[in-house]
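Spelled out, the chains give:
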Amino acid sequence: KTILQLNNIHKSYDQKNSVLNDISLSLGEGQLISIIGPSGAGKSTLLRCINRMIEPSSGEVIFDDQNIVLLNKKRLRRTRAKIGMIFQHYNLVSRLTVFENVLHGRFGYKSTWQGLFNVYTEEEKMLALNILQKLGMEDHIYKRCDQLSGGQKQRVGIARALVQEPKLLLCDEPIASLDPNASKVIMDHLKEISETMGITVLVNLHQVEVATRYSDRIIGLSKGCKVFDDEPGKLNKFA
Ligand code: ADP
Ligand code: ADP
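Everything numeric in this text was worked out from a predicted model, so none of it was measured. (Residues numbered from 1 in each chain as written. Chains lettered and ligands numbered in written order. Predicted model: local features only at pLDDT ≥ 70, side-chain atom pairs only at ≥ 80, totals over all residues. Heavy atoms only, no water.)

1. Section: the packing of aromatic side chains
Aromatic rings in a pair are described by how distant their centres are and how their planes are angled relative to each other.
Move 1: Counted according to the given criterion, the structure contains one aromatic pair.
Move 2: Taking the centre distance of 6.4 Å and the plane angle of 80° together, the rings of Phe-99 and Tyr-142 count as edge-to-face. With a gap of 43 residues between them, Phe-99 in helix α3 (residues 98–107) and Tyr-142 in the loop between α5 (122–134) and α6 (150–162) connect regions that are remote in the sequence.
Move 3: Residue classification places Phe-99 among the buried positions, given a relative accessible area of 3%.
Move 4: Owing to a relative accessible area of 56%, Tyr-142 belongs among the exposed residues under this scheme. (Phe/Tyr/Trp six-rings, centres within 6.5 Å; stacked < 30°, edge-to-face > 60°. Helix = DSSP H or I, 4+ residues; strand = E, 2+ residues; numbered from the N terminus. Buried < 20%, exposed > 50% of the residue type's maximum accessible area, 1.4 Å probe, protein only.)

This is how it looks when you write it as structure tokens:
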């Protein structure tokens, strides 16, 4: 089953330079797909065109039987809820706790003078707690995010995305700021999310070895063009 289809995506930030050139691809359910390529190839721009954090110059982004490019603000907001995103620099609210960051991801910032526990429902809290448990973060839920290691912050980033119950998870260089051990933990979680939750995980990576080890499929970008799109085993013949 196809989750996401890109048709002829082009992007230029100015009149002269094309950053993405005629990118088409289609992604199936429950796969982990990596986008690899040198710095400046357009990986981050491509990922951000999918949820329109960046507006593509032309082309179609078909998700959930709709062309995201044509949605008005209200419908875009609804559709974006089904597309989780995680970032290299985590983008957490550092003065809030782990639990608050995750609940905030789906239910908004409801912390008041009454305290967190009076404003989120029992069901909302259980959903967040279950996800944090799966990611091995249950012992840290009351810590402020600025007290966590990079690998722990990224697990909070993943939890915040999962609490929305997305169909697609976009990961923009999720391990680029992490050491090898923390990177492995994060990639193992992303793999498990794709396999057991049926979520399609699309990951920008610059480490080819990591992409080869974890991906069902690899997309190679160079200077804004798709230059490879196949299973990891075919990559050495290409490179
Ligand atoms: P990658 O993620 O593969 O490193 P990017 O998508 O970040 O590549 O960048 C691709 C190209 O687009 C680079 O040349 C970069 O400088 C340029 N670029 C990225 N964002 C902007 C922007 N907001 N305005 C102008 N140029 C940009
Ligand atoms: P990160 O890796 O943390 O995403 P980047 O350096 O890739 O940081 O980009 C930070 C921001 O700057 C992004 O919003 C990106 O679109 C923008 N950007 C990147 N390259 C350029 C550029 N050449 N001109 C203008 N903006 C850019």
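Picking up after the structure, the text goes on.
2. Thoughts on helix α1 (residues 43–50)
Move 1: In terms of burial, α1 is a largely internal element, six of the eight residues being buried.
Move 2: For α1, every residue scored as buried is listed here: Lys-43, Thr-45, Leu-46, Leu-47, Cys-49 and Ile-50.
Move 3: At the exit of α1 stands Arg-52, carrying a positive phi of roughly 60°.

3. Remarks on the side chain of Ser-183
Move 1: Summarising the element assignment, Ser-183 is placed in helix α7 (residues 180–196).
Move 2: Leave out the neighbours within four places in its chain, and Ser-183 touches Ile-175 and Leu-178. (Contact = heavy atoms within 4.5 Å.)

4. What to know about the site of ligand 1
Move 1: Around ligand 1, the neighbouring residues are Tyr-13, Val-19, Pro-38, Ser-39, Gly-40, Ala-41, Gly-42, Lys-43, Ser-44 and Thr-45.
Move 2: Lys-43 places a polar side-chain atom, nitrogen or oxygen, 2.9 Å from an oxygen atom of ligand 1.
Move 3: At 2.8 Å, a backbone N or O of Ser-44 approaches an oxygen atom of ligand 1.
Move 4: Summarising the interface, the protein chains cover 53% of the accessible area of ligand 1, which totals 560 Å² for the free molecule. (Near = heavy atom within 4 Å. Polar contact = N/O pair within 3.5 Å; in protein donor to acceptor, adjacent residues only side chain to side chain. Areas by Shrake-Rupley, 256 points an atom, 1.4 Å probe, with all protein chains shown as cover.)

5. Topic: the site of ligand 2
Move 1: Neighbouring ligand 2 are the residues Arg-48, Gln-88 and His-89.
Move 2: Take Gln-88: an N or O atom from its side chain is 3.3 Å from an oxygen atom of ligand 2.
Move 3: Contact with the protein chains covers 22% of the free accessible surface of ligand 2, which is 560 Å².

6. Quick word on the pairing of strand β9 (residues 217–222)
Move 1: Judged by how many residues are buried, β9 sits mostly within the fold: five of six residues are covered.
Move 2: As paired strands, strand β3 (residues 32–36) and β9 are joined by four bridges and run parallel to one another. Directly across from Ile-36, in β9, lies its bridge partner Gly-220.
Move 3: Between the antiparallel neighbours β9 and strand β10 (residues 225–230) lie two residues, among them Lys-223 with a positive phi of about 45°. (Pairing = 2+ DSSP bridges.)

7. Considerations on unusual backbone geometry
A negative phi angle is the norm for most residues apart from glycine, just as the trans form is the norm for most peptide bonds.
Move 1: Positive phi, close to 50°, is recorded for Asn-8, a residue that is not glycine.
Move 2: If you trace the backbone, Asn-8 turns up in strand β1 (residues 2–11).
Move 3: Positioned with a positive phi, Glu-165 is a non-glycine residue whose angle comes to about 55°.
Move 4: Among the structural elements, Glu-165 can be located in the loop between α6 and β7 (168–172).

8. Here's the deal with the sheet that holds strand β2 (residues 20–28)
Move 1: Here four strands make up an open sheet; going across it, the order is β2-β1-β4-β5 and the pairing antiparallel. Edge positions in the open sheet fall to β2 and β5 (66–67), since each of these has one partner strand only.
Move 2: Pairing analysis gives five bridges linking β1 to strand β4 (residues 58–63), with the strands arranged antiparallel. Note that in β4 the partner of Gln-5 across the bridge is Ile-62.

9. Focus: the pattern of salt bridges
When charged atoms on two side chains of opposite charge get close, those side chains can pair.
Move 1: Counted under the stated rule, the structure contains 12 salt bridges.
Move 2: The salt bridge partner of Lys-191 is Glu-195, with a shortest N-O separation of 4.0 Å. Here the residue Lys-191 and the residue Glu-195 both occupy positions in helix α7, the gap between them amounting to four residues, near one helical turn.
Move 3: By relative accessible area, Glu-195 is classed as exposed at 56%.
Move 4: Asp-216 serves as the salt-bridge partner of Lys-191, at 3.4 Å between the closest nitrogen and oxygen. Of the two residues, Lys-191 is situated in helix α7 and Asp-216 in the loop between α8 (208–214) and β9; the sequence distance between them amounts to 25 residues.
Move 5: Overall, Asp-216 belongs to the partly exposed group, its relative accessible area being 34%.
Move 6: Taken together, the salt bridges that share partners define one network made up of Asp-64, Lys-82 and Lys-167. (Salt bridge = Lys/Arg side-chain N within 4 Å of Asp/Glu carboxyl O.)

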